[in-house]
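This is what each chain is made of:
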Amino acid sequence: MTRFGELEAAIMDAVWSAGKPLRVREVLERLDRDPEPAYNTVHTVTEILYRKGWLAKEKDGRAYKYGATQSREEYVAGLMGEALSVADDRTATLARFVQKMQPGEAEELHRLLGQAVAREAGEASS
């Protein structure tokens, strides 16, 4: 999984934040960039994201609307998985990651891990 380029990330952020498919013009309006990129540039990069599988497109009159094929959380989880895949010691890497978390985040992680363990135990007994 590769990281997005700067404009790719901005486009994906606009689509994720909208929570719905957008036309290229709507994406452009949501970009907070100075200078504002040209419409054709945004259209080209949006099409690249579509070809890479990050965006789906649907016909909307004479134009297309583009929507995310994965959530922001799924994307970030993929980046985290990729980062862990290059670690020599995954456990030590995870420990360092957890040490840098805020207390509330660590508590939520503990709760989610408990749910995952319980679910796995339930599946193993089935």
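Residues numbered from 1 in each chain as written. Predicted model: local features only at pLDDT ≥ 70, side-chain atom pairs only at ≥ 80, totals over all residues. Heavy atoms only, no water.

Peer 1: Whenever I open this one, the packing of aromatic side chains confuses me. Can you help?
Peer 2: For any pair of aromatic rings, the description rests on two quantities: the centre-to-centre distance and the angle between the ring planes. If you walk through the whole model with that rule in mind, you get 5 aromatic pairs. Here F4 and Y75 contribute two aromatic rings whose centre-to-centre distance is 4.3 Å and whose plane-to-plane angle is 15°, an arrangement assigned as stacked. You can see F4 sitting in the segment before α1 (6-18) and its partner Y75 sitting in helix α4 (residues 72-85), a full 71 residues away along the chain. For F4, a relative accessible area of 13% puts it in the buried group. We classify Y75 as buried; its relative accessible area is 7%. Among the aromatic side chains, those forming a connected cluster through ring pairs are F4, W16, W54 and Y75. (Phe/Tyr/Trp six-rings, centres within 6.5 Å; stacked < 30°, edge-to-face > 60°. Helix = DSSP H or I, 4+ residues; strand = E, 2+ residues; numbered from the N terminus. Buried < 20%, exposed > 50% of the residue type's maximum accessible area, 1.4 Å probe, protein only.)

Peer 1: I would appreciate a short explanation of the sheet that holds strand β3 (residues 63-68) in the present structure.
Peer 2: Hydrogen bonds along the backbone pair up the strands of a sheet, which may run parallel or antiparallel. Taken in spatial order, the 3 strands make up an open sheet running β1-β3-β2, and their pairing is antiparallel. The open sheet terminates on both sides in strands that have one partner only, identified here as β1 (22-23) and β2 (55-60). In the sheet, β2 pairs with β3 via 6 bridges, with the strands oriented antiparallel. Looking at the pairing, L55 lines up with A68 of β3. Along the sheet, α1 contacts β1, β2 and β3; its crossing angle with β3, the most-contacted strand, is approximately 85°. Across the sheet, helix α3 (residues 39-51) touches β2 and β3, and the angle it forms with β2 is around 115°. (Pairing = 2+ DSSP bridges. Contact = heavy atoms within 4.5 Å. Axes fitted to C-alpha atoms, helices over the stretch in contact; angles between N-to-C directions.)

Peer 1: I tried to follow the packing of α1 against α3 on my own but got confused; where do I start?
Peer 2: For any two helices packed against each other, one specifies the crossing angle of their axes together with the interaxial distance. Running from N to C, α1 and α3 cross one another at 80°; their axes reach a closest spacing of 10 Å. The angle between α1 and α3 places the two elements in the roughly perpendicular class. Residue-level contacts link L7, E8, I11 and M12 of α1 to T41, V42, V45, T46, I48 and L49 of α3. For the contact of α1 with α3, the class distribution of residues is 7 nonpolar, 2 polar and 1 charged. (Parallel < 35°, antiparallel > 145°, perpendicular 65-115°, else oblique. Nonpolar A, V, L, I, M, F, W, Y, C, P; charged D, E, K, R; others polar.)

Peer 1: Help me understand the nonpolar core, please; the structure alone is not making it clear to me.
Peer 2: Considering soluble globular proteins, one finds that nonpolar side chains tend to be buried as a cluster. With 21 residues, the main nonpolar core has F4, I11, M12, V27, L31, V42 and L49 as its most contacted residues. Those elements that provide at least two residues to this core are α1, α2 (24-30) and α3. With 8 residues, α1 is the largest single contributor of residues to this core. If we ignore the near neighbours within four places in the chain, the residues touching L31 are L7, A10, I11, A14, P37 and V42. (Core = buried A, V, L, I, M, F, W, Y, C linked by side-chain atoms within 4.5 Å.)

Peer 1: Any chance you could explain a nonpolar patch on the surface here in plain terms?
Peer 2: Residues V76, M80, F97 and V98 make up a contiguous nonpolar surface patch of about 310 Å² in total accessible area. Among the structural elements, V76 can be located in helix α4. Accessibility expressed as a relative area gives 36% for V76, which makes it partly exposed. (Patch = residues over 30% accessible without salt bridge, like charges linked within 9 Å, V, L, I, M, F, W, Y side chains within 5 Å. Areas by Shrake-Rupley, 256 points an atom, 1.4 Å probe, with all protein chains shown as cover. Salt bridge = Lys/Arg side-chain N within 4 Å of Asp/Glu carboxyl O.)

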